[in-house]
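Each chain, letter by letter, is given below.
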Amino acid sequence: MAESTSTPVSESALQTQEPRKSIPIKAWYYNPSDAPPSEPHQYSPNRDVSTDHLQKLGVLTWTQIETDQFENNRFLNKIKTVRGYNYEEVLTVAPEALPNFEENTKKFFMEHLHDHEEIRFILDGVGYEDVRDYDGQWIRIEIKKGDLIVLPPGMYHRFTLDKNQYLKALLLYQGTPTRIQFEKNPETDIMEVRLDYVQSVLELEKHSAPEVQDKVLAATTKAMGAITV
Ligand SMILES: [Fe+2]
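Residues numbered from 1 in each chain as written. Predicted model: local features only at pLDDT ≥ 70, side-chain atom pairs only at ≥ 80, totals over all residues. Heavy atoms only, no water.

Formally: UniProt positions are given in the numbering used here, feature names are shortened, and annotations may be inferred rather than shown by experiment.
The name given to the protein chain in an unreviewed UniProt entry is Acireductone dioxygenase, with Physcomitrium patens as the source organism. Here is the UniProt Sequence similarities (unreviewed entry) comment for the protein chain, exactly as written: "Belongs to the acireductone dioxygenase (ARD) family." In its Pathway (unreviewed entry) section, the UniProt entry covering the protein chain states "Amino-acid biosynthesis; L-methionine biosynthesis via salvage pathway; L-methionine from S-methyl-5-thio-alpha-D-ribose 1-phosphate: step 5/6."

Set out below in structure tokens:
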């Protein structure tokens, strides 16, 4: 099993159990080269994507949440309460831990959407969530120990491990968990949840008024701001 590459949590973070919000999650435009999916796929120079941009797409992120004894982490528990995450399970994605590893990881990397939020709190290891930008380009988001990411319903995305082939995550759900992924096809393009996402997020980009463009950003900022302890 690979060792975590994440940095140690500071003394103050341990004391307060609050994430240091000033450090954004890492994201960049995906360079579609022939390299294996587990490579970073960055352009040279790298083309960073800001947290604001991710938020405009409806993606919520937090970083540097303490993972030790996460059951008692006040910040994490507040997220669960405020957002109604009332079911959870731990999943380890690694060759020796996940049954049918090859088949399952291939499936995770197929472009798909869900009819619910996808919520992952990373307990150890590193992986990549790729999400579609307004124009269809892939944005790669690095998710590592202490990161929490929420993808909105109806957003096309895919997942892969990084080259260390190890990620342990807490999967959170609102209500009864469903692990169904709808792989992209003409029918998923017209699913109600997809049309809702297109209309409420992607189509806003076509409007020139800044107040309209920033509607999703304001909503996601509010959602993230609600999680304080
Ligand atoms: Fe997914």
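Let's pick the thread back up.
Focus: the environment of Arg-83
Quick reminder of the rule: Under the scheme used here, helices are H or I runs from DSSP no shorter than 4 residues and strands are E runs no shorter than 2 residues, and both carry numbers assigned from the N terminus. Here the term buried applies to any residue with accessible area under 20% of the maximum for its type, exposed to any over 50%, and partly exposed to those in between, with areas from a 1.4 Å probe on protein chains only. In this analysis, two residues are considered to be in contact whenever any of their non-hydrogen atoms come within 4.5 Å of each other.
Structurally, the position occupied by Arg-83 is in helix α3 (residues 74-83). Residue class for Arg-83 comes out buried when judged on its relative accessible area of 18%. In sequence terms Arg-83 and Tyr-173 are 90 residues apart; their C-alpha atoms lie 9.6 Å from each other. Once you skip the residues sitting within four places of it in the chain, Arg-83 turns out to touch Leu-60, Glu-117, Val-150, Gln-174, Ala-223 and Ile-227.

Side note on the coordination of the iron ion
Under the convention used in this document: Only nitrogen, oxygen and sulfur atoms count as donors, using a 2.8 Å cut-off from the metal that widens to 3.2 Å for Na, K and Ca. Water is left out, so coordination shells may look unfilled. In short, tetrahedral needs four donors with all angles between 85 and 135 degrees, square planar needs four and octahedral six donors with opposite donors over 155 degrees apart and all other angles between 65 and 115, and whatever is left is irregular.
Within the protein, His-112 (NE2), His-114 (NE2), Glu-118 (OE) and His-157 (NE2) serve as the donor atoms for the iron ion, at 2.0 to 2.2 Å. Around the iron ion, the four donor atoms sit at angles spanning 86 to 173 degrees, and that spread fits a shape best called irregular. Expressed as a motif, the donor residue spacing for the iron ion is H-x1-H-x3-E-x38-H. Across the pair, exposure class does not vary: His-112 and Glu-118 are buried alike.

A short note on the UniProt feature "binding site: Fe(2+)" (unreviewed entry) in the protein chain
The following threshold applies: As used in this structure description, the phrase polar contact means that two N or O atoms lie within 3.5 Å; if the pair is within protein, one of them must be able to donate a hydrogen and the other to accept it, and residues adjacent in sequence are counted only when both atoms belong to side chains.
UniProt marks His-112, His-114, Glu-118 and His-157 with the feature "binding site: Fe(2+)" (unreviewed entry), using the numbering shown here. On the basis of their most widely separated C-alpha atoms, the annotated residues across 46 residues gather in one place, lying no more than 11.4 Å apart. By the secondary structure assignment, Glu-118 is in strand β5 (residues 118-132). Filtering out sequence-adjacent residues up to four positions away, Glu-118 remains in contact with His-112, Glu-129, Ile-149, Val-150, Leu-151 and His-157. At 2.7 Å, the side chain of Glu-118 forms a polar contact with the side chain of His-114. Relative to the assigned elements, His-157 resides in strand β8 (residues 157-161). For His-157, a relative accessible area of 1% translates into the label buried. In contact with His-157, other than residues within four places in its own chain, are Met-110, Glu-111, His-112, Leu-113, His-114, Glu-118, Glu-129, Asp-130, Val-131, Trp-138 and Leu-151.

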